[in-house]
Amino acid sequence: MTPAKPVIDSISEDTVYDKSEAAEPLKVTATVSDAGTLSYQWYFTESQDGTPEKIDGETSETLYPGQGQTGYYQVKVTNNDANGKSDTAVSVKSDLIKIEFGDYVARIGNKAYETLNEAVENANSGDTVYLIKDADLQQNITINKNLVLEGKGNTLKRTEASKNSAMITLSGAKVKIHQMTLDGGAVWTGNVNDILNRGTSNSGIAANGAIVRIMGGELELLDGTSLQNNVNQKDYAEAGGAVCVEDGSTLKLNGGKIVNNHTSKYGGAVIAFHSASVVLTNGQVAGNSAGTSGAAFCMDHSSTITMKASEGETEGAVIENNRTPGSGGAIWLANGKAELQGGTIRNNYAVSDGSAVFMSGSGTVNLGSTYVISNRSAIRVTNGTLNLTGTIRMNDMISLKSGKMLNIKTSSYGTETSKIPVWIEGYTSAGAKFANADTKEQAQAATEVLYISNGTLPVYSVGTELFYGNPTNIQITKNLPEEHTIMTGKELILTVEAEISPAEAGNLVYTWYQAQDKEGNGAVVIAENQGAQGNILKLGDCSEGECYFYCEISVDNGKADPVRTNVTKVIVEKFVPAKKAIEKFTAIK
């Protein structure tokens, strides 16, 4: 009986490799419709027209092509019958498989390209483009389709030929970069700066563009990706040492790093314009410098920056060791928003002010669980709104421009926060208000943490407001009685006495209330008095029954919490004339 003919179900395709690459194994799968046993034999020929020669010992479903050897491979699949009679065996041969080795830089699937630019041009949206080996960038790249750039640990480096604009420009594309280094070609020399941990002189390439420019779309930097060693001489429109994020675009840092870049003006690592967005989840931004402001991030117009830790991460992204002679060591913010809810900002230095954050415009900083530690100076509020939210983890200074208020929206402070210094521009020995809280409890908690660094006056709270200065104290020296009885038709007179210290702090204000019960519920104001007789309440012609009264004493300067007297129970009894009372007593006898 003749065995069934084998069917080759799948086999490896033609593939092109760079000569530095190890080829993937060739694989074949085959089936047979009877109970026969399949065997395999691989063949090789150097030319398509040549006769394939048997490769000794290669008799399995898998073959590893010879390293660097271009040629054609073929496999013969044989079905021996169930009785093992080889003379009745039936075989089938595959088509030739071309394995080519050459000088290539990039690859998509089994197709290799001489440049990364060529690979990008030939890619379809959704493809993964591989950087096969280290390469020099001779021509700047524009990407207008969604791609993944997989570096496999290799480096793409700027050359003199590609120095006049961004190395890569995204035009309406979403691009992820993984395990790839993009190097701007700067070579740092000279004395090592103690903040940047590198030299500040460049003996390499000085470019006229960032490493990546995002003109609509999204760039996500993943594990093993580094944007590094770029010097950008552009002033503004194409500024940013590593990344320029334009209107409506997004940059995500999710495991990569942006290190050792410089811009002549703004955004040593990143500059963002208009409604651009930057999201930092994991990774590092370090060793970047800017000639004017925003050593790491310059967030201009209404652009936003968010720091948050990914699930399971304790540290999140780190912004550290960035430096500028101007303002904004880690973040310079204009009119947008900074959501600092994870990660760490540490050891940054802005010589002018705001080593952690410099608030220049009308923007908002919501400082939550981001660690803000060991910066040369910390958060400078010249304009805009600074809110403390979540669990505060900082011990760096908050610097308030004269008249600016700090907003407290939390009573939670991490163990890293022992004390937070607050520097007040226009500090005065008379004291002043400098913060608002949402609740009295938040205000009180803040007094335990905040202190004024450029003065000796203490911090205290009045309701939901925080002040620095000598607090005003109110002490009740004569309280209302627990109970007071009068006859109907008589005038009710209640008197309370109090003292204020210091005596010159202001005038006492007495606000009188009538309540529904002894606990003071349902109280309504019935009189507000100030001055020599303000401590006396007079109510005439009282009717029979029970009433409840108390007095709240405050200071007209608003710098002390009001104090409340006892709630006094006033019993108004019906008046009985003496003659009728005697007659009534006699009748009882």
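What comes next is a walk through the structure. (Residues numbered from 1 in each chain as written. Predicted model: local features only at pLDDT ≥ 70, side-chain atom pairs only at ≥ 80, totals over all residues. Heavy atoms only, no water.)

Observations concerning the packing of aromatic side chains
Here is step 1 of the chain: For the coordinates displayed, the defined rule picks out 8 aromatic pairs.
Here is step 2 of the chain: Between Phe434 and Tyr468, the ring centres sit 6.5 Å apart and the planes meet at 50°, which makes this aromatic pair tilted. Of the two residues, Phe434 sits in strand β48 (residues 432–437) while Tyr468 sits in strand β51 (residues 465–468), which places them 34 residues apart along the sequence.
Here is step 3 of the chain: Residue class for Phe434 comes out buried when judged on its relative accessible area of 1%.
Here is step 4 of the chain: On the basis of an interplanar angle of 15° and a centroid distance of 4.9 Å, the ring pair of Tyr513 and Tyr550 is categorised as stacked. Of this pair, Tyr513 sits in strand β56 (residues 508–515) while Tyr550 sits in strand β59 (residues 545–555); the two residues are 37 residues apart in sequence, bridging distant segments of the chain. Tyr550 matches Tyr513 in its accessibility class, with the two residues each being buried.
Here is step 5 of the chain: Put simply, the rings of Tyr236, Tyr266 and Phe273 touch in pairs and so form one group of aromatic residues.
Here is step 6 of the chain: The positively charged end of Lys93 is found above the aromatic ring belonging to Tyr43, 5.4 Å away from the centroid. (Phe/Tyr/Trp six-rings, centres within 6.5 Å; stacked < 30°, edge-to-face > 60°. Helix = DSSP H or I, 4+ residues; strand = E, 2+ residues; numbered from the N terminus. Buried < 20%, exposed > 50% of the residue type's maximum accessible area, 1.4 Å probe, protein only. Lys NZ or Arg CZ within 6 Å of the ring centre and 35° of its normal.)

Quick notes on the sheet that holds strand β34 (residues 331–333)
Strands pair in a sheet through their backbones, by hydrogen bonds, and they do so in one of two ways: parallel or antiparallel.
Here is step 1 of the chain: One open sheet accounts for 12 strands, arranged β14-β16-β20-β24-β27-β30-β34-β38-β41-β44-β47-β49; its pairing is parallel. The open sheet is flanked by β14 (141–143) and β49 (450–452), the only strands paired with a single partner. Adjacent strand axes in the sheet meet at a mean angle of 15°, parallel and antiparallel pairs treated alike. (Pairing = 2+ DSSP bridges. Axes fitted to C-alpha atoms, helices over the stretch in contact; angles between N-to-C directions.)

Re helix α2 (residues 440–447)
Here is step 1 of the chain: Residues Gln442, Ala443, Ala445, Ala446 and Thr447 constitute the buried set of α2.
Here is step 2 of the chain: Check the buried side of α2 and you find it contacts β45 (406–408), β46 (412–413), β48, β49, β50 (459–462) and β51. (Contact = heavy atoms within 4.5 Å.)

With respect to the nonpolar core
Here is step 1 of the chain: If you look at the biggest cluster of nonpolar residues, it comprises 91 residues, and the most contacted ones within it are Phe297, Ile331, Ile379 and Phe434.
Here is step 2 of the chain: Residue contributions to this core peak at 5 residues, all from strand β17 (residues 173–183).
Here is step 3 of the chain: When sequence neighbours within four positions are dropped, the list of residues in contact with Ile331 reads Phe297, Met299, Ile305, Leu340, Ile345, Ala356, Val357 and Phe358. (Core = buried A, V, L, I, M, F, W, Y, C linked by side-chain atoms within 4.5 Å.)

Details of the sheet that holds strand β1 (residues 7–11)
Here is step 1 of the chain: Within the open sheet, the 3 strands sit side by side as β1-β3-β6. Their pairing is antiparallel. The strands lining the two open edges of the sheet, one partner per strand, are β1 and β6 (62–63).
Here is step 2 of the chain: Here 4 bridges tie β1 to strand β3 (residues 26–31), and the two strands are oriented antiparallel to one another. Bridging from a neighbouring strand, Val7 pairs with Thr31 of β3.

Considering the pairing of strand β61 (residues 568–573)
Here is step 1 of the chain: The sheet contact formed by strand β53 (residues 483–487) and β61 spans 5 bridges and is parallel. Bridged to Ile486 within β61 is Val572.

Observations concerning unusual backbone geometry
Here is step 1 of the chain: Following Ser501, the chain continues to Pro502 via a peptide bond in cis, the omega torsion being -5°.
Here is step 2 of the chain: Structurally, Pro502 is set in the loop between β55 (497–501) and β56.
Here is step 3 of the chain: We note that Lys152 has phi near 55°; this positive angle belongs to a residue other than glycine.
Here is step 4 of the chain: Of the residues examined, Lys152 reaches a relative accessible area of 45% and is grouped as partly exposed.
Here is step 5 of the chain: Positioned with a positive phi, His301 is a non-glycine residue whose angle comes to about 50°.
Here is step 6 of the chain: Its place among the elements puts His301 in the loop between β30 (297–299) and β31 (304–308).

So, the side chain of Asp183
Here is step 1 of the chain: Within the secondary structure layout, Asp183 lies in strand β17.
Here is step 2 of the chain: Here Asp183 occupies a buried position and makes no salt bridge, while the nearest side chain of opposite charge, Lys157, is found at 4.9 Å.
Here is step 3 of the chain: Of the polar contacts made by the side chain of Asp183, one reaches the side chain of Asn229; its length is 3.1 Å.
Here is step 4 of the chain: Excluding anything up to four places from it in sequence, Asp183 contacts Thr155, Leu156, Lys157, Arg158, Met167, Gln228 and Asn229. (Lys, Arg positive; Asp, Glu negative; His and termini not counted. Salt bridge = Lys/Arg side-chain N within 4 Å of Asp/Glu carboxyl O. Polar contact = N/O pair within 3.5 Å; in protein donor to acceptor, adjacent residues only side chain to side chain.)

With respect to the pattern of salt bridges
Here is step 1 of the chain: In total, this model carries 17 salt bridges according to the counting rule given.
Here is step 2 of the chain: A salt bridge links Lys163 to Glu160; the shortest N-O distance between them is 2.9 Å.
Here is step 3 of the chain: Between Arg346 and Glu320 there is a salt bridge, and its shortest N-O distance comes to 2.8 Å. Here Arg346 is found in strand β36 (residues 344–346), whereas its partner Glu320 is found in strand β32 (residues 318–320), with 26 residues between them in sequence.
Here is step 4 of the chain: On the accessibility criterion, Glu320 (12% relative accessible area) is buried.
Here is step 5 of the chain: Salt bridges here are not isolated pairs; linked through shared partners, they connect Asp18, Asp103 and Lys133.

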